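# Fold and contact review
Each chain, letter by letter, is given below.
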Amino acid sequence: MRNSRRNSRNAKTRRSGTGNASRNRAPRREPYHSSGVSRTGARSRRALVERQKKKKRRRMISRIGIAVLVLLAIVFAPTIFFQVSKINVTGDTRYTSEQLIKSTGVKQGDNMFFLDTEQIAADLKDEYPYLDTVKLRRKLPSTLQIEVSDRTAVLSIEQNGKYLILDMSGKVLEKTKSAAKGTAKVTGVPMKGLHVGDTVDKDKYGKAASVMKLLELTDQYGMKKHIKTIDVEKAYDVRVTYDKRYTILLGALEESNLEHKIQFLKAILKEPSLPESGVIDLTDEKEARYRPTEDTTSDVVIKEEELDKAAGTAETTTESADSTDTESTDADSTDANSTDADSTDDSSNSTKQADTDNSSEDKTDSSAGGNSESDGDSTAEAAND
């Protein structure tokens, strides 16, 4: 009994000691974390990070939604707001606004931004050969502007009683029964196989290419508007009508010397002794001739160097009429008398009577001094120019 009591007391003592030990024991610490925060703090941090991620996702989704709405607005707004309500045609053209607008195929209500302006311009040029430039401009919110300009006809080439009208580039603008106003009438150029809207192939149509080159040079030297007809029936004997006053003999239209001949022509047209009408012969590269009629016996000859001075293509030198005159002394004196009589005739009526009195002497010496006089005058004038 005693032992059992002792054992029970010892058990109580042990139990009480264990209780005291538990009460005296220090509180249990949370395990140490590398972030320096408690487990609760870590959970709070993770929750905060998750909330921030969700906000970012929501923000991204909202931005994408806004972008989609803006894109849809950009795509569909023109179909709603930018519709064609007016079409204007501006520029100098032979075609009417109604013709051009109808040919575009554009109707009121069509979307401004869905129009293929380049294709519309190309179609208009194909349908209307005279059109040179075509530009379509959008004037927001609802106006379509068509700006056009026409080509200029410069050649009327005769073909079996009809005429093909060409511009400077060689494009066939139309086919008519008569030559177009303000163009040079051309004969002797075969143009088979060409239709309205075609452009002359310079390799295939050599004569036409030469004529266009001739016209280009006359334009360069300011004479194109004076060229009325061009006859190339004979390739070696090309003839040009200038202002319906002069027949110009060009010979063959060789590109190597064609510009030189045009320079000769420009210089000879400045000659004071040039008659009001007649023939200008430029078939010789070294000299030019002119005369009032087809009669070659009355030719006035100007050498190449003299024309070069008049045209400004050679160095200016002083030449005397006496040095170029190789006639006899009597012819020289007759030439001087004739020149004095002519100048006196221009100044007063009394000298006309004197000129009449001396006409018998002039007739006697005309064969000797006629050509010399013209040569001397032409040479002196060329030198002065």
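Below you will find a few notes about this structure.

Thresholds, definitions, all that
- Residues numbered from 1 in each chain as written.
- Predicted model: local features only at pLDDT ≥ 70, side-chain atom pairs only at ≥ 80, totals over all residues.
- Heavy atoms only, no water.
- Helix = DSSP H or I, 4+ residues; strand = E, 2+ residues; numbered from the N terminus.
- Contact = heavy atoms within 4.5 Å.
- Areas by Shrake-Rupley, 256 points an atom, 1.4 Å probe, with all protein chains shown as cover.
- Core = buried A, V, L, I, M, F, W, Y, C linked by side-chain atoms within 4.5 Å.
- Buried < 20%, exposed > 50% of the residue type's maximum accessible area, 1.4 Å probe, protein only.
- Phe/Tyr/Trp six-rings, centres within 6.5 Å; stacked < 30°, edge-to-face > 60°.
- Pairing = 2+ DSSP bridges.
- Axes fitted to C-alpha atoms, helices over the stretch in contact; angles between N-to-C directions.
- Patch = residues over 30% accessible without salt bridge, like charges linked within 9 Å, V, L, I, M, F, W, Y side chains within 5 Å.
- Salt bridge = Lys/Arg side-chain N within 4 Å of Asp/Glu carboxyl O.
- Lys, Arg positive; Asp, Glu negative; His and termini not counted.
- Charge placed at Lys NZ, Arg CZ, Asp CG, Glu CD.

### Considerations on the overall build of the chain
- Tallying secondary structure elements over the chain gives eleven helices and 13 strands in all.
- Residue pairs at least 24 apart in sequence account for 50% of intrachain contacts in the chain once pairs closer than 6 positions are excluded.
- For the chain, the accessible surface area stands at approximately 24,500 Å², while carbon and sulfur atoms represent 48% of it.

### Some details on the nonpolar core
- Grouped together as the largest cluster of nonpolar side chains are 41 residues, with contacts concentrated most on Leu-155, Met-191, Ile-230 and Ile-280.
- Not counting residues within four places of it along the chain, the set of residues in contact with Leu-155 comprises Leu-164, Ile-165, Leu-166, Thr-183, Ala-184, Val-186, Val-211, Met-212 and Leu-215.
- Grouped together as the second largest cluster of nonpolar side chains are 22 residues, Val-106, Ala-121, Leu-124 and Tyr-130 included.

### Considering the packing of aromatic side chains
- Per the counting criterion, the structure on display carries two aromatic pairs.
- Between Phe-82 and Phe-113, the ring centres sit 5.4 Å apart and the planes meet at 85°, which makes this aromatic pair edge-to-face. Here Phe-82, found in the loop between α2 (39-81) and β1 (86-90), pairs with Phe-113, found in the loop between α3 (97-104) and α4 (117-127); they are 31 residues apart in sequence, far enough to count as distant.
- Looking at Phe-82, the relative accessible area reads 23%, which means it is partly exposed.

### Details of the sheet that holds strand β2 (residues 131-139)
- Reading across from one edge, β1-β3-β2 is the order of the three strands in this open sheet, with mixed pairing throughout. With partners counted over all chains shown, the strands left at the sheet margins are β1 and β2, one partner each. With strand direction ignored, the average angle separating the axes of adjacent strands in the sheet is 15°.
- Direction of pairing for β1 relative to strand β3 (residues 143-150): parallel, over a ladder of five bridges. Bridged to Asn-88 within β3 is Gln-145.
- With respect to the sheet, α3 is in contact with β1, β2 and β3, its orientation differing from that of β1 by roughly 125°.

### Observations concerning a negative patch on the surface
- A cluster of acidic residues, Asp-116, Glu-118, Asp-123, Asp-126 and Glu-127, forms a negative patch on the protein surface.
- When you line up the elements, Asp-126 lands in helix α4.

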